[in-house]
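# An overview of the molecular structure
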Amino acid sequence: QAVSVDFQKQRVHFMDGSCQKYHQLLIATGSHSGFLKVPGADLQNVCTLQTPEDSSKILELATGRNVVLVGASFIEKSQASRLPASARNINGTSLQPGAAAELPAWVLAGYSCFYSSTAWNFLVNTQTSLFQMLQNKGVKFHMKTEVCELKGKDGKVTEAVLANGEKLPADVVVVGIGSIPNSAFLKGTSIARDDKGAILVDLHMQTNIPNVFAAGDVVSFPVALLNGDQSSIHHQQVAEAHGHFAALNMLKKDRDLHTVPFFWTTMYGKSIRYAG
Ligand SMILES: Cc1cc2nc3c(=O)[nH]c(=O)nc-3n(C[C@H](O)[C@H](O)[C@H](O)COP(=O)(O)OP(=O)(O)OC[C@H]3O[C@@H](n4cnc5c(N)ncnc54)[C@H](O)[C@@H]3O)c2cc1C
């Protein structure tokens, strides 16, 4: 793991004490999940989803249990559609008759943090909206509120308390409230970052430091669809395009980033594609 970079001497220092000299450097360290900052957030069975191991752990913990998902973005909704059907209803009672009765009641609490309000409104208001699909499967949504406390017993989470006073039984809480660029190891250096820690790059994926490039979730870049304003877009396809253009420019090919952000996912057999 890289723990610091000396841009003057062009050296990267690693956790094991070794270091590596570079002529050109590409920083592509991605991002990590944001953590809840409320009392009880450190209780057992409060999870974030980042790795396949996290996913397996959540599936194991959620089976037959009450689950609260915090955050209403795509990631959390994808998660809701993948949790096991054998999880319990949040009230411990069966839901509406039909398939939903066998399905879990997942609770999604939090502000919508969807990628754009136009897309959000489209998805929420159409007949085939994600909301409807998930509600039909027994998911309960609590929108325009937030979790203000997690309570527990014997060190394990048992309840999520919402800002409106509602209390949700919770054996497992999955937090999906955004991601933070992995750039802490650059703190104290002269590399330009925004207030969230994203490294600022130009259309060549070049940072403000000569011979240093950055790409993927860790950057804020000029987005054509935002009239060139800097922004971060955490999509796999964007990260791939960044890597492609960073490589071309490291090879002195002088190519401006040109890509339309594209995202896809599947939920309950429906595929969703999003461009722009
Ligand atoms: C649960 C989840 C679901 C997602 N689903 C989708 C989806 O359906 N579609 C989509 O388009 N995108 C999705 N994404 C986003 C997508 O995964 C990211 O946008 C993409 O992986 C970013 O690529 P990256 O190369 O910038 O970073 P990453 O893929 O995160 O790779 C960064 C690598 O750098 C390593 N690293 C970090 N710090 C250091 C350090 N100091 N030294 C050395 N190595 C370091 C990390 O361990 C990691 O291996 C999802 C993300 C998550 C978490």
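The structure reproduced in this document is the subject of the present report.

Calculation rules
- Residues numbered from 1 in each chain as written.
- Predicted model: local features only at pLDDT ≥ 70, side-chain atom pairs only at ≥ 80, totals over all residues.
- Heavy atoms only, no water.
- Helix = DSSP H or I, 4+ residues; strand = E, 2+ residues; numbered from the N terminus.
- Buried < 20%, exposed > 50% of the residue type's maximum accessible area, 1.4 Å probe, protein only.
- Contact = heavy atoms within 4.5 Å.
- Areas by Shrake-Rupley, 256 points an atom, 1.4 Å probe, with all protein chains shown as cover.
- Core = buried A, V, L, I, M, F, W, Y, C linked by side-chain atoms within 4.5 Å.
- Pairing = 2+ DSSP bridges.
- Axes fitted to C-alpha atoms, helices over the stretch in contact; angles between N-to-C directions.
- Polar contact = N/O pair within 3.5 Å; in protein donor to acceptor, adjacent residues only side chain to side chain.
- Arc of directions from axis to C-beta.
- Expected span 1.5 Å × (residues − 1).

When helices and strands are counted, the chain shows five helices and 20 strands. Within the chain, buried positions represent 43% of all 276 residues. Long-range contacts, defined as pairs at least 24 residues apart, comprise 53% of the intrachain contacts of the chain with a sequence gap of at least 6. With an accessible surface of roughly 14,700 Å², the chain has 51% of that area assigned to carbon and sulfur atoms.

Next up on the list: the nonpolar core. Judged by nonpolar contacts, the single largest core of 26 residues is most densely connected at Phe-7 and Ile-27. For this core, the secondary structure elements donating two or more residues are β4 (25–27), β16 (212–214), β17 (219–223) and α5 (236–250). Among the elements that make up this core, the one with the highest residue count is α5 (five residues). In this structure, Val-68, Val-70, Val-157 and Val-173 belong to the second largest nonpolar core, which totals 15 residues.

Now for unusual backbone geometry. Despite not being glycine, Asn-211 shows a phi value in the positive range, around 70°. Residue placement: Asn-211 occurs in the loop between β15 (199–200) and β16. Even without glycine at this site, Asp-254 takes up a positive phi of about 55°.

On to the sheet that holds β15. Strand order across the open sheet formed by three strands is β15-β17-β18, with mixed pairing between neighbours. Looking along the sheet, the strands with just one partner apiece sit at the ends: β15 and β18 (229–231). Strand direction decides the pairing type here: β15 and β17, joined by two bridges, are parallel. Within the sheet, the bridge partner assigned to Leu-200 lies in β17 and is Ser-220.

What follows covers the sheet that holds strand β3 (residues 19–21). Strand pairing in a sheet relies on backbone hydrogen bonds, with the paired strands running either antiparallel or parallel. Across the sheet, three strands lie side by side as β1-β2-β3; this open sheet has antiparallel pairing. Single-partner strands in this sheet number two, and they are β1 (2–6) and β3. Looking at each pair of strands side by side, their axes are set apart by 20° on average, direction ignored. Inspection of the sheet shows β1 paired to strand β2 (residues 11–14) by four bridges, in the antiparallel sense. Looking at β2, one finds that Ser-4 is bridged to His-13.

Moving on, we come to the side chain of Asn-45. Residue placement: Asn-45 occurs in the loop between β5 (31–33) and β6 (46–48). What Asn-45 contacts, discounting residues up to four positions off in sequence, is Leu-61, Lys-156, Val-157, Asp-171, Val-172 and Val-173.

The next thing to look at is the environment of Ser-33. With respect to the helices, strands and loops of the structure, Ser-33 is situated in strand β5. Separated by 148 residues in the primary sequence, Ser-33 and Pro-181 have C-alpha atoms spaced 9.0 Å apart. Only 2.9 Å separates the side chain of Ser-33 from the side chain of Gln-50, close enough to count as a polar contact.

Three or more residues of helix α1 (residues 52–62) are buried, namely Ile-58, Leu-61 and Ala-62. Mapping the buried residues of α1 onto a view down its axis gives an arc of 90°, with all of them on the same face. Turned more than 90 degrees away from the buried face of α1 sit Pro-52, Glu-53 and Glu-60, all of them exposed. Trailing α1 by a residue or two, Gly-64 shows a phi angle of about 75°, which is positive.

Another point: the side chain of Ser-220. Topologically, Ser-220 is positioned in strand β17. Looking at Ser-220, the relative accessible area reads 2%, which means it is buried. Leaving out residues up to four positions away in the same chain, Ser-220 has contacts with Asp-194, Ala-198, Ile-199, Leu-200, Val-201, Gln-230, Ser-231 and Ser-232.

For the rest of this paragraph, the subject is α5. In an α-helix, one full turn covers 3.6 residues, which means residues spaced three or four apart are oriented alike. Across its 15 residues, α5 extends 21 Å between first and last C-alpha, which sits within 8% of the 21 Å expected from 1.5 Å per residue. The secondary structure elements touched by the buried residues of α5 are β4, β16 and β17. Where α5 ends, the next residue or the one after it, Lys-252, has phi of about 60°, a positive value.

Before going further, it helps to spend a moment on the pairing of strand β19 (residues 262–267). Burial along β19 is one-sided: Phe-263, Thr-265 and Met-267 are buried, while Phe-262, Trp-264 and Thr-266, pointing the other way, are not. Counting the residues in the hairpin turn of β19 and strand β20 (residues 270–275) gives two residues, including Tyr-268, whose phi is positive at 45°.

Below, the discussion takes up the environment of Ser-4. Relative to the elements of secondary structure, Ser-4 occurs in strand β1. It is 9.7 Å that separates the C-alpha atoms of Ser-4 and Ser-183, two residues lying 179 residues apart in sequence. Residues contacting Ser-4, with those up to four places away along its chain left out, are Arg-11, Val-12, His-13 and Phe-185.

Honestly, it's all geometry; don't read function into it.
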